[in-house]
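Each chain, letter by letter, is given below.
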There are 2 protein chains.
Amino acid sequence: MKVSTKARYGFKFMIHLALNYNIKLVQIREVSVSEKISSKYLEQIAMSFKIAGLVKVTRGAKGGYTLSRTPKEITLLEIITAAEGNLVLTDCIESSDFCQKKDDCIMNKLWVDLNNHITDYLGSKTLQDIIS
Amino acid sequence: MKVSTKARYGFKFMIHLALNYNIKLVQIREVSVSEKISSKYLEQIAMSFKIAGLVKVTRGAKGGYTLSRTPKEITLLEIITAAEGNLVLTDCIESSDFCQKKDDCIMNKLWVDLNNHITDYLGSKTLQDIIS
DNA sequence: ATTATACTCTACTTAAACAATAGGAATTGT
DNA sequence: ACAATTCCTATTGTTTAAGTAGAGTATAAT
Ligand code: FES
Ligand code: FES
């Protein structure tokens, strides 16, 4: 149970975007230097956010990224999901016949409950909460 | 963010012990067959629980494992901790100077809060809750 | 138009962690 | 003595995370 660097770096990236929201476009290089993250790696992470629709992109010179919604409208769950994929503590949360006895596996409820707890928590916090 | 098989298998093992608490000793082989888990792997997991003081062991023929406390006195957090080590979503939760700017890293609080959320939840549930 | 800037796409490599296997030693009941 | 069962620890195999690399595309400024 760890948070990946992709998600952690991703958060830093999104925080930069949030802090510059409605002020200016943010470039990969800028975040890469200030946070000491490989710019090539950060590019890939930024791409995930683009695909998830969390950021708007302007290509070419003077281009960069900005949030596609206000910081208040972007939850931490959306960010971590964009970076790591759906939050699924155990496969039996999504797919059946995982531990060969899903139907009567008394542990299934535990994992589902815990998973919901975490997603509820992350879904209730927004980027705005973090930067303020 | 995944739960390891060690923890999942470990839970199954502990549930067997809980269901047989004050009834009989439980052997690795028994759980291994019924849950279709490699017995050699399960041995290692059982060893972690022994080290953590969650189970009592009787060696030799007719030996086996039993809980060292009642199912109600063993939290899920203790189990997952014994299996996976301390629950630490990001290293900056335990050690400082992790992301080079811990002191003013606004993300630190987020991880600590989320970590506490999860440990509180798991610490509030017991083996008894699962088997009943 | 040309150039510099910055994002896009895809493939590859490396390193670490997870998962599982293996085999013999020690202990105990019969 | 012998069988059952845990104990110990080394090794191997597999998967995923993390990072590197480089050519390609779009745009602004000049
Ligand atoms: S179905 Fe998830 S642990 Fe059994
Ligand atoms: S100190 Fe944990 S993310 Fe910065």
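The preceding data block contains the structure.
Residues numbered from 1 in each chain as written. Chains lettered and ligands numbered in written order. Predicted model: local features only at pLDDT ≥ 70, side-chain atom pairs only at ≥ 80, totals over all residues. Heavy atoms only, no water.

A. A look at the protein's contact with DNA strand D. In the region of DNA strand D, 27 residues are neighbours, and K40, Y41, Q44 and R59 of chain A together with E43 of chain B sit closest. Each atom of DNA strand D within 4 Å of the protein was classed as base or backbone; sugar and phosphate made up 62%. In this structure, S38 of chain A approaches DNA strand D through a side-chain N or O atom, which is 3.4 Å from a phosphate oxygen. Between DNA strand D and the protein, one listed contact pairs a base oxygen with a side-chain N or O atom of R59 of chain B at 3.2 Å. Broken down by element, the residue count for the surface near DNA strand D peaks at five residues, all from helix α3 (residues 39-51) of chain B. Among the residues forming the surface near DNA strand D, the class breakdown is eight nonpolar, eleven polar and eight charged. (Near = heavy atom within 4 Å. Polar contact = N/O pair within 3.5 Å; in protein donor to acceptor, adjacent residues only side chain to side chain. Helix = DSSP H or I, 4+ residues; strand = E, 2+ residues; numbered from the N terminus. Nonpolar A, V, L, I, M, F, W, Y, C, P; charged D, E, K, R; others polar.)

B. Highlighting the protein's contact with DNA strand C. Within the structure, DNA strand C sits among 28 residues, and A61 of chain A together with K40, Y41, Q44 and G60 of chain B are positioned closest to it. Take the atoms of DNA strand C that sit within 4 Å of the protein: sugar and phosphate atoms are 66% of them. With respect to DNA strand C, the side chain of R59 of chain A contributes an N or O atom lying 3.4 Å from a base oxygen. Taking S38 of chain B, its side chain carries an N or O atom lying 3.3 Å from a phosphate oxygen of DNA strand C. Taken together, the elements giving at least two residues each to the surface near DNA strand C come down to α3 (39-51), β1 (55-58) and β2 (64-67) of chain A together with α1 (5-19) and α3 of chain B. If you tally residues by element for the surface near DNA strand C, the top one is α3 of chain A, at five residues. In the surface near DNA strand C, the residues fall into nine nonpolar, eleven polar and eight charged.

Don't take any of this as a statement about function, it's just geometry.
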